[in-house]
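Per-entry structural report
Listed here are the chains, written in short residue letters.
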Amino acid sequence: MHIFQVHMQGIAVGRAVDLTRFDNYDNLLKKLEEMFDIEGEMCGSSKKWQVVYTDDEDDMMMVGDDPWPEFCSMVRKIFIYTAEEVKKLSPKIRLSANEEVKPAKPDLDTVMNTEDQSSIIGPGC
């Protein structure tokens, strides 16, 4: 199965995306921006929104951290959150090579894999 639900923070109704229609993260992110009418807000300079997903073990991961084929085989649901919300989801997120966010208390309902989160930005679009 390659059709997955995408939920965006603040929007009650999710949408479906067929990953077989994309070859890489850039194309997926551009399509998500179109679907949710947020062009330039994930891939542009503002990066207001971040994309995370739950994998087959129900761990929450950042989109772009794994090679595209591996992501396609592991993803179960995709979520779009504000950059601020993503910071709350993880006790430690690397923003860039030299800048880190201080640990924040994660939401009680969120299960998160924090071992390998090399980027909250995801791939460049």
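Scroll up to find the structure.
For the structure given in this document, a descriptive report is provided here. Values in this document were obtained by computation on a predicted structure and should not be read as measured data. (Residues numbered from 1 in each chain as written. Predicted model: local features only at pLDDT ≥ 70, side-chain atom pairs only at ≥ 80, totals over all residues. Heavy atoms only, no water.)

**Examining the sheet that holds strand 2 (residues 15-18)**
To be explicit about the condition: Pairs of strands are assigned from DSSP output, requiring at least two bridges between the strands. Numbering goes from the N terminus for both helices and strands, where a helix is a DSSP run of H or I of at least four residues and a strand is a run of E of at least two. Only the stretch in contact is used when fitting a helix axis, every axis being a line fitted to C-alpha atoms; angles between N-to-C directions are given from 0 to 180 degrees. The criterion used for residue contact is that any of the two residues' heavy atoms lie within 4.5 Å.
Spatially, the 5 strands line up as an open sheet ordered 2-1-5-3-4, and their pairing is mixed. Looking along the sheet, the strands with just one partner apiece sit at the ends: strand 2 and strand 4 (60-62). Recorded for the sheet is a direction-independent mean angle of 35 degrees between the axes of neighbouring strands. Sheet analysis places strand 1 (residues 3-8) next to strand 2, joined by 4 bridges and oriented antiparallel. Among the inter-strand pairings, Gln-5 is bridged to a residue of strand 2, identified as Ala-16. This element, helix 1 (residues 25-35), spans strand 1, strand 2, strand 3 (49-54) and strand 5 (77-82) of the sheet and lies at about 155 degrees to strand 2.

**Notes on unusual backbone geometry**
Which entries qualify depends on this criterion: Working definition: with a 1.4 Å probe on protein chains only, accessible area under 20% of the residue-type maximum means buried, over 50% means exposed, and in between means partly exposed.
Positive phi values are uncommon outside glycine, yet Asp-37 reaches one of about 55 degrees. Tracing the chain through its elements places Asp-37 in the loop between helix 1 and strand 3. Phi angles above zero are rare outside glycine, and Asp-58 is one such case at about 65 degrees. One can find Asp-58 in the loop between strand 3 and strand 4. The exposure class of Asp-58 is exposed, given its relative accessible area of 51%.

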